[in-house]
Structures are given as structure tokens and as C-alpha cells.
Amino acid sequence: MLRRMSTFSGEKLATVVKKLEDFAPSKLAEKWDNVGLLIEPFKEKPIKKILLTNDLTEPVMGEALERSADLIISYHPPIFKPLTRITQAHWKERLVSACLANNIALYSPHTAWDKAPGGVNDWLSGAVKILSIRPLTSEPGDPEGTGCGRFIETEMQVSQLVESLQAHIQNSVHVALAVGHQPSSLVRSVGICAGSGGSLLKGLQADLIITGEMSHHEVLEFNHNNTSVLLCNHSNSERGFLAEFAPKLGHLLQGACEVVVSEEDKDPLVT
């Protein structure tokens, strides 16, 4: 059986990175984050296939090799703490080694995508009937709609929000009702933070918050301040954005690259 040749012309890595930076500049990211182009291959080659993943794990790396990916865009940066060596002893070192050995570039946007208009937090907000929306925090000079988290005005019952959120992320959620809430309670304000929202959402006056994860005691604190909490599991509050972004990136690259979403990427927790 003959192997089908790619019909994609490909694009220079620098051009792809430029399009990614146009969508969500790395300068938007938190200072502690490690974003942007993390691995640039020694030999330049056209980027014909791009694999999107929330986390670059070893199963995803195997998929990238099998699907002949030229660039992996991993929402979470696989290289975060400085590496002092690249051996086969640790899984993250093996990921770097595999990328280098197979001439695969690696890019990570993380909190730049969180803050960008049309990014991860705006995608997660799509589970809510929006009457008005704004970032929870923003920096002076940022474009409109840019910033951390989202604050939404709405009119939905708690039960409606749970159902809508589960359909949106295509997964189940953990529900922690506020002390004074029932499933039929009306929600007029919602705080959103994809990922781990305990610190950003702390002290927020809202009827309900949606995030990926927070500690037991953080949940209790919210519940006793009349805020219900919906937890998606960390990466389930982020992963669905990739399917929305894939065709957008393909359009930005004018069809020169094939953009696919990982089938191996999944949250480590099963609910």
C-alpha cells in the first residue's frame, strides 16, 4: 500500500511562531511562566504538521512521532524548571531528547493563552449565558478583553450551569453548593479561572465560580461565603479550547500546515 504524500506545502517555523505570537504575545504571560518557543531544531525544515496538546506526556510524544508532527504546541510548558542534564532517567528529559532526536519543534503558550481575548478563559466562559463579561484583572495598556480570569454577569440556575458546563467540557464536574444554595438557586455572577483558580479567585464576590481545581479548604471558604464552586479537574477546564483553536490556526497559516489535536492527551484524574 502506497503511503499518501502530504498535500500541505508547509511553513517556516519562524512564520508559525509569528502567527502564534500575533494571537497571544508571550509578553502577556505571567512572569513566573516559561512560554514561547522552547525547542528549535538544529536543522530547519518546513512545518507541515502541527500537533496540539494540553500536556506533552510520553503517550502524546509517541503519538507525535507516529503522526510525523513537525511542531508540538503544548499548552502547559513541559520545560519549566531548568534542566541540568538530558538523559533517559526522567520522563521530561526523555521528551526533550525525543524532540531533539526527531527534529521536532516545541512551543508553549500557557498563561498567554489564558489572558488573550478569544483564549482559554473566554472558551471556558462559553459554558455560561453571558450578559456581560470582563477580565478579573488586567494590566494598564492591555488591549480590551485581555487579562486574568473572567467575571460574568448572567441569569442561570446552579443546575443549569452544571449541565451546561458538563456539556461544554464534555466531562463531569465536581459540585460544591454554597451553604445557602440549592440546585435551583439563581446565579447572577460567575468567576472563571481555567486551571488552578484558588489564588486568583480568592475573596471574589460571586454567586458561583468555575475552575479546574482548588484545595479542600479553599472550597469550604467559598461555600461559607455563599459562593458555589464547580471544579472540572485541572486540564479539563483547558483542553476543549484546542479543538476550537485548531481551525483558527489553520486559517492563520492559510492552509499551509495541517493542524491536529492529540488523541492521547487526557487529564490524569478520571471522574
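The structure under discussion appears in the preceding block.
Just so it is clear, the structure is predicted and the values come from calculations on it, not from any experiment. (Residues numbered from 1 in each chain as written. Predicted model: local features only at pLDDT ≥ 70, side-chain atom pairs only at ≥ 80, totals over all residues. Heavy atoms only, no water.)

Q: What should I look at first to understand the pattern of salt bridges in this one?
A: If charged atoms from side chains of opposite charge come close, those side chains can pair. Inspection of every chain in the model, using the stated rule, returns nine salt bridges. A salt bridge links K18 to D22; the shortest N-O distance between them is 3.1 Å. Here the residue K18 and the residue D22 both occupy positions in helix α1 (residues 13-23), the gap between them amounting to four residues, near one helical turn. Given a relative accessible area of 47%, D22 falls into the partly exposed group. Residue R67 is joined to E63 by a salt bridge in which the shortest nitrogen-to-oxygen separation is 2.7 Å. For R67, a relative accessible area of 24% corresponds to the partly exposed category. Classification of E63 as buried rests on a relative accessible area of 8%. (Salt bridge = Lys/Arg side-chain N within 4 Å of Asp/Glu carboxyl O. Helix = DSSP H or I, 4+ residues; strand = E, 2+ residues; numbered from the N terminus. Buried < 20%, exposed > 50% of the residue type's maximum accessible area, 1.4 Å probe, protein only.)

Q: Is there a simple way to think about the packing of aromatic side chains in this case?
A: Each aromatic ring pair is characterised by the separation of its centres together with the angle its planes make. Per the stated rule, a full pass over the model turns up eight aromatic pairs. Aromatic pair F23 and F245: ring centres 5.0 Å apart, planes at 45 degrees, arrangement tilted. Taken together, the residues F23 in helix α1 and F245 in helix α9 (residues 240-252) connect sequence positions 222 residues apart. What makes F245 buried here is its relative accessible area of 1%. (Phe/Tyr/Trp six-rings, centres within 6.5 Å; stacked < 30°, edge-to-face > 60°.)

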